[in-house]
Amino acid sequence: MTDRKKVRIHHFREMKARGEKITMLTAYDFPTAKLFDEAGVDVLLVGDSLGDNILGHHNTGVVTLDEMIPMARAVSRGAQKAFVVADLPFGTYEVSPQQAVESAIRMMKEAQPHAIKFEGGRRVAAQVKAVVDAGIPFVGHLGFTPQSENMLGGRRIQGRGEGAYEDMLADALALQEAGACMIVLEMVISPVAEKLTAALDIPTIGIGAGPHTDGQVLVWLDALGMGDWSPSFSKHFGEVGKAMREAAAAYVGEVKGKTFPAANHTFDE
């Protein structure tokens, strides 16, 4: 993938126009970002999903900007070609457009991603416009929004019921008008996600939103089989967790059995 061009913001609309799917995976550290970048992933998302996937919390709402920035900085260093998007966590943008801009500027200066993302539609349109007007690319997030899980009544599929599409379309159009370059659609029923994708000029990135979005994103631990459970909309493209357990067990066995380190791993002089 060394001949691959660096992915830039204008490429996403071009990819949508020609029907080329956009690929996105989460990443939270330098070595993972480097591997995914070399594999040809278009976008690396430093999600606040690090809360429940990396830091061991039960939800994403407890993640802080101070925790996000070192992760985003590491991913930015590992990505040579991929476009890096960093989440603003809960509590860093909701109060006002000024708060959103200040948080976004801090993320951009200290971590150097290419864009920032936060959740919501019409209710955060003013914040989105302020961030974009400050010269910072923005990615939206609609459907199931983990930071608002309590308001949504849990991890519920979105887009069902009378008026659901119209409501979500109004949110999506508000984000597009405010300057968003992409919108993530999470756990949205496929027919609604398909209609939203057709109605928007900017790309949609689905996670549990069916095959008709302009791209797909997964949490890398789900996609690569790091845990015993993963969402029904995900797929194991590898069994990295199993390989790590087996390698660690082999290490323990050789150290306990006194076969490691061997002579070729030892400095005698």
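Fair warning: this is a prediction, and the values are worked out from it, not measured in the lab.

Novice: I would appreciate a short explanation of helix α2 (residues 30-39) in the present structure.
Specialist: Each α-helix turn comprises 3.6 residues. Residues three or four places apart therefore point the same way. Every buried residue belonging to α2 is among T32, A33, F36 and D37, and all of these are buried. The buried residues of α2 occupy an angular sector of 130° when the element is viewed end-on, so they sit on one face. Relative to its buried face, α2 has exposed residues pointing more than 90 degrees away, namely P31, L35 and A39. Where the residues of α2 are buried, they touch β1 (22-26), β2 (43-46), α4 (65-78) and α10 (220-223). Just beyond α2, the residue with positive phi is G40, at close to 100°.

Novice: Please explain the packing of aromatic side chains as it appears in this structure.
Specialist: For any pair of aromatic rings, geometry is given as the distance between the ring centres together with the angle between the planes. Applying the stated criterion across every chain, the model contains five aromatic pairs. For the pair F12 and F83, a centre-to-centre distance of 5.0 Å together with 85° between the ring planes defines the contact as edge-to-face. Of this pair, F12 sits in helix α1 (residues 10-18) while F83 sits in strand β3 (residues 83-87); the two residues are 71 residues apart in sequence, bridging distant segments of the chain. Across the pair, F83 and F12 agree in class, each one buried. Ring plane angle 65° and centroid distance 6.3 Å describe the contact between Y251 and F260, whose orientation is recorded as edge-to-face. Residue Y251 is classed as exposed on the basis of its relative accessible area of 52%. A connected cluster of aromatic rings, assembled from ring pairs, spans Y93, F118 and F138.

Novice: In this structure, what is going on with the domain arrangement of the chain? I would like to understand it.
Specialist: When the parts of a complex come together, some accessible area is lost, and that lost area is often used as the size of the interface. Domain parsing of the chain yields domain 1 (9-238) and domain 2 (240-268). Computed from C-alpha atoms alone, the centre-to-centre distance between domain 1 and domain 2 is 39 Å. Listed by partner, the interface residues are four residues for domain 1 and four residues for domain 2. Summed over both sides, the interface of domain 1 with domain 2 buries roughly 310 Å², with 59% coming from carbon and sulfur. There are zero salt bridges connecting domain 1 and domain 2. For the side of domain 1 that touches domain 2, the residue count by class is two nonpolar, two polar and no charged.

Analysis parameters
- Residues numbered from 1 in each chain as written.
- Predicted model: local features only at pLDDT ≥ 70, side-chain atom pairs only at ≥ 80, totals over all residues.
- Heavy atoms only, no water.
- Buried < 20%, exposed > 50% of the residue type's maximum accessible area, 1.4 Å probe, protein only.
- Helix = DSSP H or I, 4+ residues; strand = E, 2+ residues; numbered from the N terminus.
- Arc of directions from axis to C-beta.
- Contact = heavy atoms within 4.5 Å.
- Phe/Tyr/Trp six-rings, centres within 6.5 Å; stacked < 30°, edge-to-face > 60°.
- Domains from an automatic or database assignment.
- Buried area = accessible area lost by both parts, 1.4 Å probe.
- Salt bridge = Lys/Arg side-chain N within 4 Å of Asp/Glu carboxyl O.
- Nonpolar A, V, L, I, M, F, W, Y, C, P; charged D, E, K, R; others polar.

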